[in-house]
Amino acid sequence: MYGRKVKLRFFFIILFLFSLILSVFLILKSLEENVVYFQSPSDIQLLEEIKYKKIRVGGMVKENSIEVSSEKINFIVTDFKNEISVVYSGVVPNLFAEGKGVVAEGYLKDRSFFEATKILAKHDENYMPPEVNEALKEK
Amino acid sequence: MLASFVGFYSLIFGLGISLLIIFFSIKNFKKSNILDSKILTFSFLQMFLVFVSFFGLILSFINSDFSNETVFNNSHTTKPLFYKISGTWGNHEGSLLLWLLVLTLFIFIFLVNSKNQLIKYRILTVIFQQIIIIGFFIFLLKTSNPFSYLFPIPEEGLGLNPILQDPALAIHPPILYLGYVGSSIIFSSVLAATTLNYINSNWAKHIKGWVLISWIFLTLGILLGSIWAYYELGWGGFWFWDPVENVSLMPWLALTTLFHCILVLEKRSLFKSWIIILSIATFTLSMCGTFLVRSGILNSVHTFANDPGRGLFILSFLFVLIFISIFIFFVFHKSDNKNFSPIFFLSKETSIVINNWFMMYFLSVVLIGTVYPIFLDVLSSQKISVGPPFYHKLIIPFLIPFLIFMAIGPRLKWIKSELKNKLSLFVLLIISVLASIFIVKNFETNYLLNSILVGSAFYLFFITVRDFFSKKTKKLSQNMAHFGFSLLILSILFNNIFSNEIITNLKVGESYKVDNLEIVFDDLTKENKKNYVSYTGVFSIKDENFENILKPELRIYNQPNIITSEADIKVTLFKDNFITINNVQNEDYFNVRYLIKPFMLWIWISVLLITFGGLISLFNKKYE
């Protein structure tokens with residue numbers, strides 16, 4: 001029969017492969033469930049059905065569209081082709097302003113209404129999130 | 001003017017010296033068995049020149065010399081002196097110059113400090129390190145010259161991004177870089193040692209110091225960045241799985257794994273190939289971090305505007321380095337199957353193998369979560385992001401066995417061991433499970449998972465605490481680091497379970513009430529400061545037991561015209577009260593965020609304890 005060393009080594013390799021396969025499987029499965037897609041207001045118009053899944057919407061904050069009340073903030077995100085109303089209750093980043101780029105994360109209620117759970121911060125006045133840049137270019 | 005001029009030419013001479021050093025090193029390597037003192041002299045000269053160049057840049061910043069493009073882009077005359085200086089490395093060009101300075105500094109220290117090592121090994125390490133240094137010289141001079149001349153000379157600079165004008169962030173980059181660049185020495189040294197077939201316990205003893213130094217600085221650097229994000233960005237937490245954070249965590253995980261393996265190499269001469277791969281991976285991940293942050297590819301919530309051309313250079317350079325290391329690994333490395341040492345199941349080696357598996361698993365989770373969106377974007381131009389739920393779901397369940405192994409593993413001996421004091425280990429397990437059930441039971445969220453998690457963290461906690469008092473414990477450093485880790489996990493868990501958040505929009509004079517907590521917006525005062533206007537809100541927070549006055553601030557900087565929120569945090573031993581305000585589009589309403597964050601202080605303290613463990617090990621020569 002094989003010696004103890006060989007057996008032990010064999011056992012380790014099997015265990016290693018098994019855990020490797022398991023972890024790859026876990027990672028991929030979890031990735032599938034937890035990925036957040038980015039969509040521009042125009043992309044949303046083209047959606048076939050509204051799913052209850054977290055997405056990101058990006059574009060410009062339309063001029064004169066921000067309204068603040070005690071519980072929430074309403075504003076409109078536009079890519080100059082289509083727009084979508086966003087309602088949000090939470091903290092807004094410092095650089096959130098009309099005429100600036102924005103990325104909001106949350107859930108679609110219908111094709112023209114979005115409930116945001118998070119507004120992403122930018123920390124540089126010249127910085128435009130790459131997605132927003134592209135969404136605006138495509139118009 | 002003069003400073004920029006001197007700085008620029010110092011860099012060019014520095015590059016020239018690199019070539020000289022390589023020339024002499026090759027000559028030495030071929031001909032004789034002595035290390036020419038020229039190499040040492042030139043290394044010192046090179047470090048000195050890069051230092052002069054760096055100092056020149058600092059001077060240009062202090063004098064607000066706007067004929068220098070870097071200064072123009074990142075400074076302003078009204079900026080306080082401290083931030084003029086820290087602005088030197090608060091930008092792309094300056095921070096790369098700092099990288100280069102640390103690279104040259106470390107190879108000089110290496111040369112001085114490795115006198116009792118093989119001559120050939122030292123020379124080869126110098127050559128590999130010089131290849132990296134040359135790459136950075138060219139990168140700096142070609143794509144990001146810190147001394148570009150501007151004409152006509154502008155009157156005023158563009159200013160430093162205000163969120164970078166902060167003490168924690170002034171020292172965060174240098175410390176993080178010491179960690180990143182420290183891994184370059186490990187990389188050069190492992191390539192040299194592989195070529196000479198010198199990967200043995202002698203080498204392990206010598207490189208362990210470098211691994212520890214990089215690890216300590218990297219840990220501290222990450223901690224500083226994390227503290228900064230907590231109070232300056234107003235994120236109100238310590239970790240957000242943001243890509244920029246992840247790229248610093250990846251080399252840390254690799255380095256931690258590497259350190260545990262080095263211990264095995266030192267004692268048992270095992271895991272040689274694995275150590276070579278890990279050392280290469282650590283440096284590659286550090287470089288990748290720089291590449292991803294600098295290229296603007298990362299879709300991060302705190303990306304700064306930057307230039308893709310630079311990314312391309314770092315990426316090509318990275319490929320060259322990876323190619324060289326793969327070549328060396330396959331050509332020179334011979335695994336010695338002859339003296340295959342026995343491994344028994346219950347031994348320290350096995351427990352370190354298990355530690356490695358877990359660490360590699362965590363590393364791949366972070367790697368995939370960070371890199372997958374980039375690949376998907378390139379392949380299908382789908383824009384996605386991977387958020388905290390992904391990481392939590394994949395990492396948290398595996399923390400449970402990880403913590404338990406971490407508690408038992410160090411109790412084992414090398415080669416073959418048996419568990420002693422089974423009874424006391426078992427009793428401690430029961431105590432920790434009971435303690436956790438007692439604590440978690442009053443809270444509704446995810447009862448089962450939380451109590452098991454808290455239980456296993458308590459287990460490690462109790463065992464390490466017990467070992468502090470046991471006379472048999474010789475490994476204070478290890479016990480300290482593991483104790484710190486258990487405290488970290490416990491603080492994070494309690495922080496998550498017990499924190500509370502209130503977000504509302506308020507006008508001056510209004511108040512907000514929820515349960516028995518009341519937030520009153522008493523007053524708003526305006527004050528003109530040197531380079532910003534400050535609006536300070538006065539809030540009183542009332543509860544049945546206490547009343548707190550908190551004064552968050554909103555700063556409107558003059559140049560660049562940016563608004564930042566300064567959180568006001570009342571730090572107490574067991575919880576932080578955290579408040580930030582923000583104003584939307586000059587409306588009367590202020591966006592108010594109030595957080596109760598338990599055990600925040602303990603998160604920072606426990607990371608310091610972990611680092612302290614590393615420090616003890618570094619200074620304790622009589623390790624074990």
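Rules of the game
As a convention, each chain's residues are numbered from 1 in the sequence order in which they are written. Whichever chain is written first is A, and whichever ligand is written first is 1; the rest continue in order. Reporting in this predicted model follows two pLDDT cut-offs: at least 70 for local features of residues, and 80 or more for side-chain atom pairs to be given and counted; totals over whole chains, interfaces and linings ignore these cut-offs and use all residues. Going along the chain from the N terminus, every DSSP run of H or I of four or more residues is numbered as a helix, and every run of E of two or more is numbered as a strand. Any residue surrounded by 20 or more other C-beta atoms within 10 Å of its C-beta is treated as buried, while 12 or fewer makes it exposed and the intermediate range makes it partly exposed; C-beta atoms here are placed from the backbone. Here contacts are defined at the residue level, using C-beta atoms placed from the backbone and a cut-off of 7 Å between them. For the radius of gyration, the atom set is restricted to C-alpha positions; the globular benchmark scales as 2.2 Å times the number of residues to the power 0.38. For two strands to be treated as a pair, DSSP must find at least two bridges joining them. Lines fitted to the C-alpha atoms define the axes, with helices restricted to the stretch that makes contact. Angles between their N-to-C directions range from 0 to 180 degrees. Note that the domain bounds reflect an automated or database-derived domain assignment. As a working rule, the residues Ala, Val, Leu, Ile, Met, Phe, Trp, Tyr, Cys and Pro are called nonpolar, Asp, Glu, Lys and Arg charged, and the rest polar, with Gly in that last group. If an angle is under 35 degrees, it is roughly parallel; if it is over 145, roughly antiparallel; if it lies from 65 to 115, roughly perpendicular; otherwise it is oblique. Crossings are assigned a handedness: left-handed for a near helix turned anticlockwise from the far helix by less than a right angle, right-handed for a clockwise turn. To estimate the expected span of a helix, count its residues, drop one, and scale the result by 1.5 Å. Bend is the name given here to the angle between axes fitted to two runs of seven residues, the run ending at a residue and the run starting at it. Each residue carries a pLDDT value, the predictor's own confidence for that position, ranging from 0 to 100. Each nonpolar core consists of buried Ala, Val, Leu, Ile, Met, Phe, Trp, Tyr and Cys residues. Their C-beta atoms, within 7 Å, join them into a set.

## Observations regarding the overall build of chain A
The number of helices and strands found in chain A is three helices and seven strands. Starting at the N terminus, the α and β elements of chain A follow one another as α-β-α-β-β-β-β-β-β-α. Residues classed as buried in chain A amount to 34% of the 139 residues present. Here the analysis covers contacts within chain A between residues at least 6 apart in sequence; of these, 58% occur between residues at least 24 apart.

## Describing the overall build of chain B
For chain B, the helix and strand inventory stands at 17 helices and 11 strands. Taken over the C-alpha trace, chain B has a radius of gyration of 26 Å; the compact-globule value for 624 residues is 25 Å, and the two agree within 12%. Looking at chain B as a whole, 48% of its 624 residues are labelled buried. Considering only contacts in chain B between residues 6 or more positions apart, those separated by 24 or more positions represent 72%.

## What about the sheet that holds strand 9 (residues 568-571) of chain B?
Residue and element names in this part refer to chain B. Taken in spatial order, the four strands make up an open sheet running 2-11-10-9, and their pairing is antiparallel. The sheet is open, and its two edges are formed by strand 2 (500-506) and strand 9, each paired on a single side. Between one strand and the next, the sheet's axes are offset by a mean angle of 10°, whatever the strand orientation. Note: strand 2 against strand 11 (residues 590-598), seven bridges, orientation antiparallel. When the sheet's bridge partners are listed, Asn500 is paired in strand 11 with Ile596.

## A few points about the domain arrangement of chain B
Residues and elements named next belong to chain B. Splitting chain B by domain gives domain 1 (1-165), domain 2 (166-410), domain 3 (411-499 + 607-619) and domain 4 (500-601). Taken together, the contact between domain 2 and domain 3 spans 26 residues of the former and 25 residues of the latter. Residue assignment for the side of domain 2 that touches domain 3 shows that the elements contributing at least two residues are helix 8 (201-231), helix 9 (243-268), helix 12 (348-380) and helix 13 (388-408). Considered class by class, the residues forming the side of domain 2 that touches domain 3 number 17 nonpolar, five polar and four charged.

## Thoughts on the packing of helix 2 (residues 37-62) of chain B against helix 5 (residues 92-113) of chain B
Residues and elements named next belong to chain B. As a packed pair, helix 2 and helix 5 sit with axes 9 Å apart at the nearest point and diverge in direction by 155°. The pairing of helix 2 with helix 5 is recorded here as roughly antiparallel in orientation. Read as a crossing pair, helix 2 and helix 5 show a hand that is left-handed. Where helix 2 approaches helix 5, its residues Leu40, Ser43, Phe44, Gln46, Met47, Val50, Phe51, Ser53, Phe54 and Leu57 are matched on the opposing element by Gly94, Leu97, Leu98, Leu100, Leu101, Thr104, Leu105, Ile107, Phe108 and Leu111.

## Regarding unusual backbone geometry
All names here are of chain B. In this structure, the amide linkage connecting Phe151 to the following residue, Pro152, adopts the cis form with an omega of -5°. In this structure, Pro152 sits in the loop between helix 6 (119-143) and helix 7 (167-195). Look at Asp515: it is not a glycine, yet its phi comes out positive at around 50°. Within the secondary structure, Asp515 is located in the loop between strand 3 (511-514) and strand 4 (517-528).

## Some points on helix 8 of chain B
Along its 31 residues, helix 8 of chain B runs 45 Å from first to last C-alpha, staying within 8% of the 45 Å computed at 1.5 Å per residue. Where helix 8 of chain B bends most, the angle comes to about 35°, and this point is Ile207(B).

## As for the pairing of strand 6 (residues 547-550) of chain B
Residue and element names in this part refer to chain B. Two elements, strand 5 (residues 532-542) and strand 6, share four bridges in a ladder whose sense is antiparallel. Considered in strand 6, the bridge of Phe539 is made with Leu550. Between the end of strand 5 and the start of strand 6, which pair antiparallel, lie four residues.

## Things to note about the confidence of the model for chain B
Residues and elements named next belong to chain B. For chain B, per-residue confidence averages 86 on the pLDDT scale, and 93% of positions sit at 70 or higher. The element-level mean pLDDT for chain B is lowest in helix 14 (residues 422-440), coming to 78, with helix 17 (residues 600-619) highest at 94. Low confidence marks residues 301-305, where pLDDT is under 50. Its contacts with residues over four positions away, or in another chain, come to 17 contacts. Scoring of the predicted complex yields 0.90 for pTM and 0.80 for ipTM.

## Considerations on helix 16 (residues 476-498) of chain B
Here helix 16 of chain B is 23 residues long and its end C-alpha atoms lie 32 Å apart, about the 33 Å a rise of 1.5 Å per residue gives. Most of helix 16 of chain B sits inside the fold, with 18 of its 23 residues counted as buried.

## Some points on the nonpolar core
The biggest cluster of nonpolar side chains holds 170 residues, and the ones touching the most others in it are Leu100(B), Leu103(B), Met250(B) and Ala457(B). For this core, the element with the highest residue contribution is helix 8 of chain B, accounting for 19 residues. Core analysis: the next-biggest nonpolar cluster, separate from the first, contains 23 residues, Val68(A), Val86(A), Val92(A) and Ala104(A) among them.

## Here's the deal with the environment of Val112(B)
Looking at where Val112(B) falls in the secondary structure, it is placed in helix 5. Sequence separation between Val112(B) and Gly56(B) is 56 residues, and the spatial gap between their C-alpha atoms is 26 Å.

## Some words on the environment of Val378(B)
Residues and elements named next belong to chain B. Take Val378: it is sitting in helix 12. Take Val378: there are 9 C-beta atoms within 10 Å of it, and that puts it in the exposed class. Along the sequence, Val378 and Ser226 sit 152 residues apart, while their C-alpha atoms lie 30 Å from each other.

## Focus on the packing of helix 13 of chain B against helix 15 (residues 447-469) of chain B
Residues and elements named next belong to chain B. Packing of helix 13 against helix 15 leaves a shortest axis separation of 9 Å and a crossing angle of 20°. Our classification of the angle between helix 13 and helix 15 gives roughly parallel. Relative to helix 15, helix 13 is oriented so that their crossing is left-handed. Along its contact with helix 13, which presents Ile396, Leu399, Ile400, Leu403, Ile404, Met406 and Ala407, the element helix 15 presents Ile452, Leu453, Ser456, Ala457, Tyr459, Leu460 and Ile463.

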